[in-house]
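# Structural overview for review
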Amino acid sequence: QVQLVESGGGLVQAGGSLRLSCAASGRTFSSYAMGWFRQAPGKEREFVAAINWSANRIYYADSVKGRFTVSGDNAKKRVYLQMNSLKPEDTAIYYCASRLRPSGEYDYWGQGTQVTVSS
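All of the points below concern the structure found in this document.

Conventions adopted
Residues numbered from 1 in each chain as written. Predicted model: local features only at pLDDT ≥ 70, side-chain atom pairs only at ≥ 80, totals over all residues. Heavy atoms only, no water. Salt bridge = Lys/Arg side-chain N within 4 Å of Asp/Glu carboxyl O. Buried < 20%, exposed > 50% of the residue type's maximum accessible area, 1.4 Å probe, protein only. Helix = DSSP H or I, 4+ residues; strand = E, 2+ residues; numbered from the N terminus. Polar contact = N/O pair within 3.5 Å; in protein donor to acceptor, adjacent residues only side chain to side chain. Contact = heavy atoms within 4.5 Å. Core = buried A, V, L, I, M, F, W, Y, C linked by side-chain atoms within 4.5 Å. Pairing = 2+ DSSP bridges. Axes fitted to C-alpha atoms, helices over the stretch in contact; angles between N-to-C directions. Phe/Tyr/Trp six-rings, centres within 6.5 Å; stacked < 30°, edge-to-face > 60°. Lys NZ or Arg CZ within 6 Å of the ring centre and 35° of its normal.

Okay, the pattern of salt bridges next. Per the stated rule, a full pass over the model turns up five salt bridges. A salt bridge links R38 to E46; its shortest N-O distance comes to 2.9 Å. Of the residues examined, R38 reaches a relative accessible area of 6% and is grouped as buried. Linking R101 and D107 is a salt bridge whose minimum nitrogen-to-oxygen distance equals 3.0 Å. Accessibility expressed as a relative area gives 31% for D107, which makes it partly exposed. Linked through salt bridges whose partners overlap, the residues forming this network are R38, E46, R67 and D90.

This next bit is on the side chain of R38. One can find R38 in strand 4 (residues 33-39). A polar contact of 2.9 Å, which involves the side chain of R38, links it to the side chain of D90. Setting aside anything within four residues of it in sequence, one finds R38 in contact with E44, R45, E46, V48, S63, V64, F68, E89, D90, A92, I93 and Y94.

Let's shift gears to the nonpolar core. One finds W36, L81, M83 and Y94 to be the most contacted residues of the largest nonpolar core, which totals 29 residues. Counting only elements with at least two residues in this core, the list comes to strand 1 (2-7), strand 3 (18-26), strand 4, strand 5 (46-52), strand 7 (68-72), strand 8 (78-83), strand 9 (92-99) and strand 11 (113-118). Take this core: its biggest share by element is four residues, from strand 3. Setting aside residues up to four positions removed in sequence, Y94 forms contacts with E6, L20, W36, F37, R38, V48, F68, L81, M83, G112, T113 and V115. Among the nonpolar cores identified, the runner-up in size contains five residues, and F37, A50, A97 and Y106 belong to it.

Spatial strand order, 1-3-8-7: four strands in an open sheet with antiparallel pairing. The open sheet terminates on both sides in strands that have one partner only, identified here as strand 1 and strand 7. For this sheet, the mean inter-axis angle between neighbouring strands, taken without regard to orientation, is 15°. Here strand 1 pairs with strand 3 via six bridges, running antiparallel. Across the sheet, L4 pairs through a bridge with A24, a residue of strand 3.

Next up on the list: the environment of A40. Within the element layout of this structure, A40 appears in the loop between strand 4 and strand 5. Sequence spacing of A40 and E89 is 49 residues, and the spatial spacing of their C-alpha atoms is 8.5 Å. Setting aside residues no more than four positions away along its own chain, A40 makes contact with T91 and A92.

For the structure on display, the rule yields four aromatic pairs. Ring plane angle 75° and centroid distance 5.6 Å describe the contact between F37 and F47, whose orientation is recorded as edge-to-face. On the criterion of sequence distance, the pair formed by F37 in strand 4 and F47 in strand 5 is long-range, its members being ten residues apart. Here the guanidinium or amino end of R45 rests over the ring plane of W109, the centre of that ring lying 4.4 Å away.

Any functional reading would require information that these geometric values do not contain.
See the structure below:
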């Protein structure tokens, strides 16, 4: 089992920055990947960024490349999402997720943290 808790969301003006944090506990050593997703009102959940620990690779959605940076510690205890140059369309609930298998769907999810970008 993995427990995930997000923090760092809030209200920010367009062009501003926020840093989200995800604290993980439980079987963190078994995590193959941890990622960030977001869901805006009336929209489907959307992939944002991820760290694949086993492959030593980082992935970003095209919509956030050059603006967002995902990072984490080697113990797989925390994952961060630095968000710069925020736009109103970034407004969403942001979720941290973990996958304990080499591939497939993410298994565990945090409760989410609200990010609101005003224009």
